[in-house]
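Coordinates in review
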Amino acid sequence: MHPALERLKQYALLVRLHRPIGIYLLLWPALWALWIAAEGWPQLGILFIFVAGVVLMRSAGCAINDYADRHIDPHVARTRDRPIAAGRVSPKEALAVFAVLCLVAFVLVLFLNRLTILLSLVAVALAASYPFMKRFHHLPQVHLGAAFAWAVPMAFAAQTGEFPPPIAWLIFIAALLWTVVYDTFYAMADREEDLKLGVKSSAILFGEADRMITGILQLLVIWSLWLVGREAGLGLWYWLGLAVAAGLALYQQYLIVQREPRACFQAFLNNHWFGAAVFAGIFLHYLLK
């Protein structure tokens, strides 16, 4: 393979384009917000910018995450083959990839209104700081939740040109809590290795109460989304989508009963369908009303 193509391949692996689950999980709350803010199809230009921005910022987040974990990943079976851990990409290259991706995303945001541009600065700060939080406290999942959910107020600001209304912050809370749930499932899969390495996570903090706490958080997510549906005047299709999402949440609890790492990771992955079910309900409501 040509050296330039090999570098591009390694950069693609660095930002995990071969594993798009993170893109989906970041995209769904943004789409929830865009459709509700527009009460149907959002402006196509705004939709394109947000979809592209999600891909760019998730990719940037992977690059800075692997930079932050460059001394940890070589000691974890699941991550030791990542480009930095395996020595195929240097830490400086990862920082450069992060900076370029953030710059491209910011250029896209410049096509939106001033309020959205200002809100995007918070998004960059959250994305850049999240990977380092596991060194300082046991709830980096909350920090990640804020980073992922920040697309919600940005979507409302972009679509309406006004400061996000209360319903936007209700969706933000739902998305934040949802992220804490699925990233705790992810952390449960890595708990034993994280304990050996001294890495902090919600799974370690919750301990034997992990299933109960994630179950309570899932109930809060469903309740928050129920309030969103009520406030937005959403109809039958939305409630059907939310019912499917609730069923998926129960299935995820079933998966983690034994706390088996592979099953916990499967519960994490299943949240893609949770987010898709909620969006399907929103989309169909506006399409068929």
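Read on for an overview of the structure.

For the rest of this paragraph, the subject is the layout of surface pockets. Empty space among the atoms becomes apparent when a probe as large as a water molecule is rolled across them. Here the second largest pocket is characterised by a volume of approximately 170 Å³. Lining the second largest pocket are Leu13, Arg16, His18, Arg19, Ala77, Arg78, Asp81, Arg82, Pro83 and Arg88. Residue composition of the lining of the second largest pocket, by class: 3 nonpolar, 1 polar and 6 charged.

For residues other than glycine, phi is negative in most cases, and the peptide bonds are mostly trans. Unusually for a residue other than glycine, glutamate 39 sits at a positive phi of about 55 degrees. In this fold, glutamate 39 is placed in the loop between helix H2 (21–38) and helix H3 (44–68). Residue arginine 259 is not a glycine yet carries a positive backbone phi of 60 degrees. Tracing the backbone shows arginine 259 in the loop between helix H12 (236–255) and helix H13 (261–288).

In a regular helix each residue adds 1.5 Å, so 20 residues correspond to 28 Å; H12 covers 29 Å between its end C-alpha atoms and thus fits that length. Summarising the contacts, the buried residues of H12 are in contact with helix H8 (166–189), helix H11 (210–232) and H13.

Before going further, it helps to examine the nonpolar core. Trp32, Ile36, Phe156, Leu225, Phe274 and Ile282 are the most contacted members of the largest nonpolar core, which has 96 residues in total. Broken down by element, the residue count for this core peaks at 17 residues, all from H8. Among residues more than four places away in sequence, those in contact with isoleucine 36 are Phe156, Ile167, Ile171, Val228, Ala232, Leu234, Ile282 and Tyr286.

The next subject is the packing of aromatic side chains. Using the criterion set out here, one finds 20 aromatic pairs in the structure. With centroids separated by 5.1 Å and ring planes inclined at 85 degrees, the aromatic side chains of tryptophan 178 and tyrosine 182 adopt a geometry described as edge-to-face. Taken as a pair, tryptophan 178 and tyrosine 182 lie in helix H8 at a separation of 4 residues, close to a single helical turn. Under the relative-accessibility criterion, tyrosine 182 is labelled buried at 1%. The rings of Trp32, Trp178, Tyr182, Tyr186, Phe265, Phe268 and Phe274 are connected pair by pair, giving a single aromatic cluster.

This part is about a nonpolar patch on the surface. Judged by side-chain polarity, Met212, Ile216, Leu220, Trp223 and Trp226 come together as a nonpolar surface patch covering roughly 520 Å² of accessible area. Relative to the helices and strands, isoleucine 216 is located in helix H11.

Glancing now at the pattern of salt bridges. Counted by the stated rule, this structure contains 9 salt bridges. Residue arginine 259 pairs with glutamate 208 through a salt bridge whose shortest N-O separation is 3.6 Å. You can see arginine 259 sitting in the loop between H12 and H13 and its partner glutamate 208 sitting in the loop between helix H10 (202–206) and H11, a full 51 residues away along the chain. The residue arginine 259 makes a salt bridge to aspartate 210 at a minimum N-O spacing of 2.9 Å. Placement of the pair is arginine 259 in the loop between H12 and H13 and aspartate 210 in helix H11, with a sequence separation of 49 residues. Exposure remark for aspartate 210: the relative accessible area of 0% places this residue in the buried category. Through salt bridges with shared partners, one network takes in Arg16, Asp66, Asp73 and Arg82.

The next thing to look at is the packing of H2 against H3. H3 packs onto H2 with a crossing angle of 155 degrees between their chain directions and a minimal axis gap of 9 Å. On the basis of their axis angle, the class for H2 and H3 is roughly antiparallel. Helix-helix and strand crossings are classified by hand; for H2 and H3 the assignment is right-handed. In this structure, H2 uses Gly22, Ile23, Leu26, Leu27, Leu31, Leu34 and Trp35 to contact H3, whose residues at the interface are Ile46, Leu47, Phe50, Val51, Val54, Val55 and Arg58. Split into classes, the residues belonging to the contact of H2 with H3 amount to 12 nonpolar, 1 polar and 1 charged.

Relative to each other, H2 and helix H7 (residues 151–160) sit at 30 degrees, their axes nearing to 8 Å. On the basis of their axis angle, the class for H2 and H7 is roughly parallel. Between H2 and H7 lies a crossing of right-handed hand. Seen from H2, the contacting residues are Pro29, Ala30, Ala33, Leu34, Ile36, Ala37 and Ala38; seen from H7, they are Ala151, Val152, Ala155, Phe156, Gln159 and Thr160. Its residues assigned to classes, the contact of H2 with H7 shows 11 nonpolar, 2 polar and no charged.

Relative to the helices and strands, glycine 207 is located in the loop between H10 and H11. The class of glycine 207 is partly exposed, set by a relative accessible area of 23%.

We now examine the environment of isoleucine 213. Among the secondary structure elements, isoleucine 213 is positioned in helix H11. A residue is classified by how much of its surface remains accessible, and isoleucine 213, at 24% relative accessible area, is partly exposed. Linking isoleucine 213 and leucine 269, residues 56 residues apart in sequence, is a C-alpha distance of 19 Å.

Cut-offs applied
Residues numbered from 1 in each chain as written. Predicted model: local features only at pLDDT ≥ 70, side-chain atom pairs only at ≥ 80, totals over all residues. Heavy atoms only, no water. 1 Å grid on protein atoms, 1.4 Å probe; cavity = no way out; pocket = protein on both sides within 12 Å on 5 of 7 lines; lining within 4 Å. Points joined across faces, edges and corners; volume = space filled by probe spheres on them. Nonpolar A, V, L, I, M, F, W, Y, C, P; charged D, E, K, R; others polar. Helix = DSSP H or I, 4+ residues; strand = E, 2+ residues; numbered from the N terminus. Expected span 1.5 Å × (residues − 1). Contact = heavy atoms within 4.5 Å. Core = buried A, V, L, I, M, F, W, Y, C linked by side-chain atoms within 4.5 Å. Buried < 20%, exposed > 50% of the residue type's maximum accessible area, 1.4 Å probe, protein only. Phe/Tyr/Trp six-rings, centres within 6.5 Å; stacked < 30°, edge-to-face > 60°. Patch = residues over 30% accessible without salt bridge, like charges linked within 9 Å, V, L, I, M, F, W, Y side chains within 5 Å. Areas by Shrake-Rupley, 256 points an atom, 1.4 Å probe, with all protein chains shown as cover. Salt bridge = Lys/Arg side-chain N within 4 Å of Asp/Glu carboxyl O. Axes fitted to C-alpha atoms, helices over the stretch in contact; angles between N-to-C directions. Parallel < 35°, antiparallel > 145°, perpendicular 65-115°, else oblique. Left-handed = near helix turned anticlockwise from the far one by under 90°.

Scope: geometric values only; no functional claims are made or implied.
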